[in-house]
Amino acid sequence: MRSKLVHKSHAAIKAHLDFLVNSSNDSIIGTDLKRRITSWNPAAEKLYGYTEQEVLGKNVDIIVPSQKKGEIIKLFEILARHRVVSNYETERLTKDKRLVQVSITISPIKDRKGETIGFSTITRDISRHMQMEKRLQLFAKALEAADDGIQIVGLDGKILFSNKSVERIYGFPPKELQGKSVNDMNKDPLFAEKIILPTLRKKGYWSGEIEVKHKNGSTFSIWLTASVIKHYGKPIALVGGIRDITKKKKLEELKAEFLSTAAHELKTPLTTLKLISESHLRKIKKYGMDQMKISEFNLINTELNRLNLLINDILDDSRIETQKLHMLFECTDLNKLILGVIKKMQIIYKHHKITYNNKKIKMQVIADPMRIEQVLINLISNAAKYSPIFSEIQVYVKQEEDGKTEVSVKDSGGGIPEEQRDLIFQRFYQIDRNSTKGFGLGLYITQEIIKGHRGKLWVDANKPKGSIFHFTLQTI
Ligand code: ADP
């Protein structure tokens, strides 16, 4: 009775072991002392491509690549010393002659008397793991070698990683920065809280200029591009690309200084030229000279006007920089102002159709009429510059309930990519750096003028093509 029970439990144990071997994800191979294969589980079939029938009784060397044949001695040495080989990393050969990276664990199989009768080898395919490791090493090296500073910051604002360039930029060795709060690196410790984080939460990225502290106590400007790192859609950290823009800013200052001096010098002769050309045009028209001369003088006037606008932009830019852009507010009939601008602009941009939705209703706003005219000229000429000829430019106004009047200029041109919609209002920013259509100052000045009016300026996409610029003014 007892022996029957024991016999039964042996069978049960064997069945259980067979089940484990057959359902294992790791390949398990049994060999005898002559290294002939005695068992071969389904995972081994999957890894090496041989079926059990194909390999039973064959020497296990069929899966050992020629360059690894010598390692058998080493493996036996390890077995003799430690009785088991664990997690030994090597290569094996598949039926279709592919090399796979594996980690093997070998242990002896003993009979009832404790004599070794063979070996069991558990093999884990680590090719993917090795590839991932190589890629990780590559990423780590690329991060270290990057010329821009790169920082990874936890959601709690503590620095997790900084590359070498961060040290060049801030003077702090990366190790010293680990665990430090990013707020302590910014000149305004609340800047991240107030400006960066809300945008990151809303849009997933933020880029802009920011004043930071150097280890030596000085402050300087960097350009930061920050984005949220997500894992399965859940934010896990933030990554920031940091560029030192001290030199760039200095160059920009020199450029602006030079431009402003040049603009001042050009203004006087240009005004004289404009006066002469306009007086000639009047005379030609009065005495009925030929049409060709009239159109030539019209062209001269148009070009002089464009030059004048450009020079005014440069002068305004230097006024903004020196905080001398003054406004003269008055009660302004917005409708009349818009109609006047459209009339002028339609003459310059003959090949566009400029329309307006509100020709009759009077609309009074508090504004500097010259400056709002300048804003409209900027927006309409951009709409014309960046949209195909013969397309329509729509100007429309809307009175809001909160005491604001909203003016919009809509075109059907190439539009502005979403990630650049905040950037185009920066000084000298141009989507196409090689553009010969302007200087990148128009929207910057426009924004300063609207800010001076306590209004808002922003851009939306026009569906299916183009952009809509909006600004607001105080209604009376
Ligand atoms: P610019 O003198 O170069 O036109 P702005 O400051 O007026 O300078 O505009 C900045 C940049 O914004 C332009 O260079 C252009 O790339 C882009 N932009 C402005 N308005 C439009 C528009 N209506 N459609 C497409 N791109 C525009």
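Being a predicted model, the structure only gives us computed values, none of them experimental. Positions within a chain are numbered from 1, following the residues in the order the chain's sequence is written. Reporting of local features is limited, given that this is a predicted model, to residues whose pLDDT is at least 70; pairs of side-chain atoms are given and counted only at 80 or more, and all residues count toward the totals for whole chains, interfaces and linings. The side-chain figures draw on all heavy atoms in the structure; neither hydrogens nor water molecules are used.

K.L.:
Sorry if this is basic, but what is going on with the pairing of strand β16 (residues 457-461) here?
P.N.:
Two faces belong to every sheet, and in a regular strand the side chains alternate between them. Here 5 bridges tie β16 to strand β17 (residues 467-475), and the two strands are oriented antiparallel to one another. Looking at the pairing, Ala461 lines up with Ser467 of β17. Strand pairing is defined by DSSP finding a minimum of two bridges between the two strands. Helix numbering and strand numbering both begin at the N terminus, where a helix is a DSSP run of H or I of at least 4 residues and a strand a DSSP run of E of at least 2. Connecting the antiparallel pair β16 and β17 is a turn made up of 5 residues, with Gly466 showing a positive phi of about 105 degrees.

K.L.:
Any chance you could explain the sheet that holds strand β3 (residues 85-93) here in plain terms?
P.N.:
Note on sheets: strands pair through backbone hydrogen bonds, and any given pair is parallel or antiparallel. With respect to topology, 5 strands assemble into an open sheet ordered β2-β1-β5-β4-β3, the strand pairing being antiparallel. Edge strands, defined here as strands with exactly one partner in the open sheet, are β2 (37-40) and β3. Neighbouring strand axes in the sheet, compared pairwise and without regard to direction, differ in orientation by 30 degrees on average. Taken together, the 3 bridges between strand β1 (residues 27-32) and β2 define a ladder with antiparallel strand orientation. Each residue of the ladder has a partner; that of Gly30, found in β2, is Ser39. Sheet strands in contact with helix α4 (residues 71-82) are β3, β4 (99-110) and β5 (116-125), and its direction is about 165 degrees off that of β3. The axes used here are C-alpha line fits, helices contributing only the stretch in contact, and every angle between their N-to-C directions lies in the interval 0 to 180 degrees. Between two residues, a contact is recorded if the distance between any of their heavy atoms is within 4.5 Å.

K.L.:
Explain the pattern of salt bridges to me, please; I cannot follow it from the model alone.
P.N.:
Once their charged atoms are close, side chains differing in charge can pair, the charge on each being opposite to the other. When a carboxyl oxygen of Asp or Glu is within 4 Å of a side-chain nitrogen of Lys or Arg, the pair counts as a salt bridge. Here the structure, examined in full by the defined rule, presents 23 salt bridges. A salt bridge links Asp422 to Lys203; its shortest N-O distance comes to 3.0 Å. Note that Asp422 is positioned in the loop between β15 (404-410) and α13 (442-452) and Lys203 in helix α8 (residues 191-203), a separation of 219 residues in sequence. Where Lys248 meets Glu252, a salt bridge forms, and the shortest distance between an N and an O atom there is 3.7 Å. Of this pair, Lys248 and Glu252 both sit in helix α9 (residues 246-286), 4 residues apart, which is roughly one turn of that helix. Per-residue accessibility, obtained with a 1.4 Å probe over protein chains only, is compared with the maximum for each type, and a residue is labelled buried under 20%, exposed over 50%, and partly exposed between these values. Assessed through its relative accessible area of 48%, Lys248 is described here as partly exposed.

K.L.:
Just to check I follow, could you spell out the packing of aromatic side chains for this structure?
P.N.:
Two measures describe an aromatic ring pair: the distance that separates the ring centres and the angle between the ring planes. Centre distance within 6.5 Å is the pairing criterion for rings of Phe, Tyr and Trp, where only the six-membered ring of Trp is used; planes under 30 degrees apart are then read as stacked, over 60 as edge-to-face, and the remainder as tilted. According to the stated counting rule, one finds 6 aromatic pairs in the structure shown. Relative to Tyr48, the ring of Trp40 lies with its centre 5.6 Å away and its plane at 35 degrees, an arrangement referred to as tilted. What makes Trp40 buried here is its relative accessible area of 3%. Here Tyr48 falls in the buried class, since its relative accessible area comes to 1%. Between the aromatic rings of Phe191 and Trp206, the centroid separation amounts to 5.9 Å while the plane-to-plane angle is 75 degrees, which identifies the pairing as edge-to-face. Residue Phe191 is located in helix α8, and its partner Trp206 is located in strand β8 (residues 205-213); the two are separated by 15 residues in the primary sequence.

K.L.:
Looking at this model, I keep getting lost on the sheet that holds β8. Mind explaining?
P.N.:
Spatial strand order, β7-β6-β10-β9-β8: 5 strands in an open sheet with antiparallel pairing. Two strands bound the open sheet, and with one partner strand each, they are β7 (159-162) and β8. Taking each pair of neighbouring strands and ignoring which way they run, the sheet shows an average axis angle of 30 degrees. On the sheet, α8 packs against β8, β9 (219-231) and β10 (234-244) and is oriented at approximately 165 degrees with respect to β8.

K.L.:
Even after reading the chapter, I still don't get the environment of Ile380, so can you show me in this structure?
P.N.:
In this structure, Ile380 sits in helix α12 (residues 369-385). On the basis of relative accessibility, which here comes to 1%, the residue Ile380 falls in the buried class. Setting aside its immediate chain neighbours within four residues, Ile380 contacts Val341, Ile342, Met345, Ile354, Ile393, Val395 and Val409.

K.L.:
Even after reading the chapter, I still don't get the site of the ligand, so can you show me in this structure?
P.N.:
Residues in close proximity to the ligand total 19 residues, the closest being Asn382, Tyr386, Asp411, Gln430 and Leu443. Measuring from an oxygen atom of the ligand, one finds a side-chain N or O atom of Asn382 at 2.8 Å. Think of a polar contact as two N or O atoms within 3.5 Å of one another; within protein, one of them needs to be a possible hydrogen donor and the other a possible acceptor, and neighboring residues in sequence only count if both atoms come from side chains. Here a nitrogen atom of the ligand sits 2.9 Å away from a polar atom, N or O, in the side chain of Asp411. Areas reported here follow the Shrake-Rupley algorithm with a probe of radius 1.4 Å; residue values treat only the protein chains shown as occluding. With the chains in place, 95% of the 530 Å² that the ligand exposes on its own is no longer accessible. If you list the elements that add at least two residues to the shell around the ligand, you get α12, α13 and β17. Sort the elements by how many residues they give to the shell around the ligand and α12 lands first, with 3 residues. Nearness here has a simple test: a residue counts as near a molecule or strand if at least one of its heavy atoms is within 4 Å of that partner.

K.L.:
Even after reading the chapter, I still don't get the side chain of Ser221, so can you show me in this structure?
P.N.:
When you line up the elements, Ser221 lands in strand β9. With relative accessibility at 7%, the residue Ser221 sits in the buried group. Beyond its immediate stretch of four places on either side in the chain, Ser221 contacts Glu209, Ile210, Glu211, Arg243, Asp244, Ile245, Thr246 and Lys249.

K.L.:
Would you mind showing me how to read the packing of α12 against α13 here?
P.N.:
Between two packed helices, both the angle of their axes relative to each other and the distance between the axes serve to describe the pair. Running from N to C, α12 and α13 cross one another at 145 degrees; their axes reach a closest spacing of 10 Å. Crossing angle aside, the handedness with which α12 passes α13 is left-handed. Here Arg371, Ile372, Gln374, Val375, Asn378, Leu379 and Asn382 of α12 come into contact with α13, specifically with Gly442, Leu443, Ile445, Thr446, Ile449 and Ile450. Crossings are sorted by hand: turned counterclockwise from the far helix by less than a right angle, the near helix makes the crossing left-handed, and turned clockwise it makes it right-handed.

K.L.:
Before we go on, may I ask you to explain the nonpolar core in this structure?
P.N.:
Generally speaking, a soluble globular protein has its nonpolar side chains buried in company with each other. The criterion is simple. A nonpolar core is a set of buried Ala, Val, Leu, Ile, Met, Phe, Trp, Tyr and Cys residues joined through side-chain atoms within 4.5 Å. In this structure, Leu334, Ile338, Ile372, Leu376, Val395 and Phe471 are the most contacted members of the largest nonpolar core, which totals 52 residues. If you tally residues by element for this core, the top one is α12, at 8 residues. Counting 22 residues, the second largest nonpolar core, distinct from the first, contains Ile196, Leu200, Phe220 and Ile242.

K.L.:
Would you mind going over the packing of helix α10 (residues 291-321) against α13 with me for this structure?
P.N.:
Interaxial distance between α10 and α13 falls to 10 Å at its minimum, and their mutual angle equals 50 degrees. Classified by the angle their axes make, α10 and α13 are oblique. For the pair α10 and α13, the sense of crossing is left-handed. Of α13, the residues touching α10 (which contributes Asp313, Asp316, Asp317, Ile320 and Glu321) are Gly442, Tyr444, Ile445 and Glu448. When the residues that make up the contact of α10 with α13 are grouped by side-chain class, the tally is 3 nonpolar, 1 polar and 5 charged. Comment on the angle field: the value is read as roughly parallel under 35 degrees, roughly antiparallel over 145, roughly perpendicular from 65 to 115, and oblique elsewhere. Only Asp, Glu, Lys and Arg are considered charged, only Ala, Val, Leu, Ile, Met, Phe, Trp, Tyr, Cys and Pro nonpolar, and every remaining residue, Gly among them, polar.

K.L.:
How should α13 be read in this particular structure?
P.N.:
Because each turn of an α-helix spans 3.6 residues, side chains separated by three or four positions end up pointing in the same direction. Along α13, the positions that sit buried rather than exposed are Gly442, Leu443, Tyr444, Ile445, Thr446, Ile449 and Ile450. Next to the buried residues of α13 lie α10, α12, β16 and β17. Positive backbone phi, approximately 55 degrees, marks Arg454, located one or two places after α13.

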